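Below are the chains, spelled out letter by letter.
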Amino acid sequence: MWILYATGSAFFAGITSILAKCGISKTDSDVATAIRTIVVLVFSWILVLLTGTISGITDISGKTLLFLVLSGIATGAS
């Protein structure tokens, strides 16, 4: 089963790059990145709600939350 996940991951990573290049051809790259980030944010929350794992937010420790926030900052900075 993992080979399907790996293949899917590789496919979507490749298609993401192609679609992003097409999307920013006549758009400022910062604006394009912001729009893509909003879409990812919305999609992530939809998945959390559909899987019913939203209650897990209360289980996140302060240390874990700190590292998640720092990871998000590093992602944005990259």
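Residues numbered from 1 in each chain as written. Predicted model: local features only at pLDDT ≥ 70, side-chain atom pairs only at ≥ 80, totals over all residues. Heavy atoms only, no water.

Draft legend 1. Summary view of the overall build of the protein chain. What the protein chain contains, in helices and strands, is three helices and zero strands. Traced from its N-terminal end to its C-terminal end, the protein chain shows the element sequence α-α-α. What you see for the protein chain is a C-alpha radius of gyration of 16 Å, clearly larger than the 12 Å of a compact globule of 78 residues, by over 25%. Across its three principal directions, the C-alpha atoms of the protein chain cover 45 × 35 × 20 Å. Counting across all 78 residues of the protein chain, residues that qualify as buried make up 3%. If you sum the accessible surface of the protein chain, you get close to 6700 Å²; carbon and sulfur atoms cover 74% of it. (Helix = DSSP H or I, 4+ residues; strand = E, 2+ residues; numbered from the N terminus. Rg over C-alpha atoms; globule rule 2.2 N^0.38 Å. Buried < 20%, exposed > 50% of the residue type's maximum accessible area, 1.4 Å probe, protein only. Areas by Shrake-Rupley, 256 points an atom, 1.4 Å probe, with all protein chains shown as cover.)

Draft legend 2. Inspection of helix α1 (residues 2–23) at higher detail. Taking 1.5 Å per residue as the helical rise, α1 with its 22 residues ought to reach 32 Å, and the 31 Å between its terminal C-alpha atoms agrees with that figure. Summarising burial for α1: one of the 22 residues are buried, a small minority. (Expected span 1.5 Å × (residues − 1).)

Draft legend 3. Just the confidence of the model for the protein chain, in detail. Chain-level statistics for the protein chain give a pLDDT mean of 90 and a share of 100% at 70 or above. Within the protein chain, the element-level pLDDT minimum falls on α1, averaging 89, and the maximum on helix α3 (residues 62–77), averaging 92. (pLDDT = per-residue confidence, 0-100.)

Draft legend 4. Representation of the environment of Lys 21 within the structure. Here Lys 21 lies in helix α1. Remark: the alpha-carbon pair of Lys 21 and Thr 53, spanning 32 residues in sequence, is separated by 33 Å.

Draft legend 5. Local environment of helix α2 (residues 29–51). Along its 23 residues, α2 runs 33 Å from first to last C-alpha, staying within 8% of the 33 Å computed at 1.5 Å per residue. Of the residues that open α2, the one with a side-chain oxygen 3.2 Å from the backbone nitrogen of Asp 30 is Asp 28. Gly 52 sits one or two residues past α2 and shows a positive phi near 70 degrees. (Polar contact = N/O pair within 3.5 Å; in protein donor to acceptor, adjacent residues only side chain to side chain.)

Draft legend 6. A look at the packing of aromatic side chains. By the definition in use, this model includes one aromatic pair. Seen in terms of ring centroids, Phe 11 and Phe 12 are 5.2 Å apart; in terms of plane orientation they differ by 75 degrees. Their pairing is edge-to-face. Assessed through its relative accessible area of 53%, Phe 12 is described here as exposed. (Phe/Tyr/Trp six-rings, centres within 6.5 Å; stacked < 30°, edge-to-face > 60°.)

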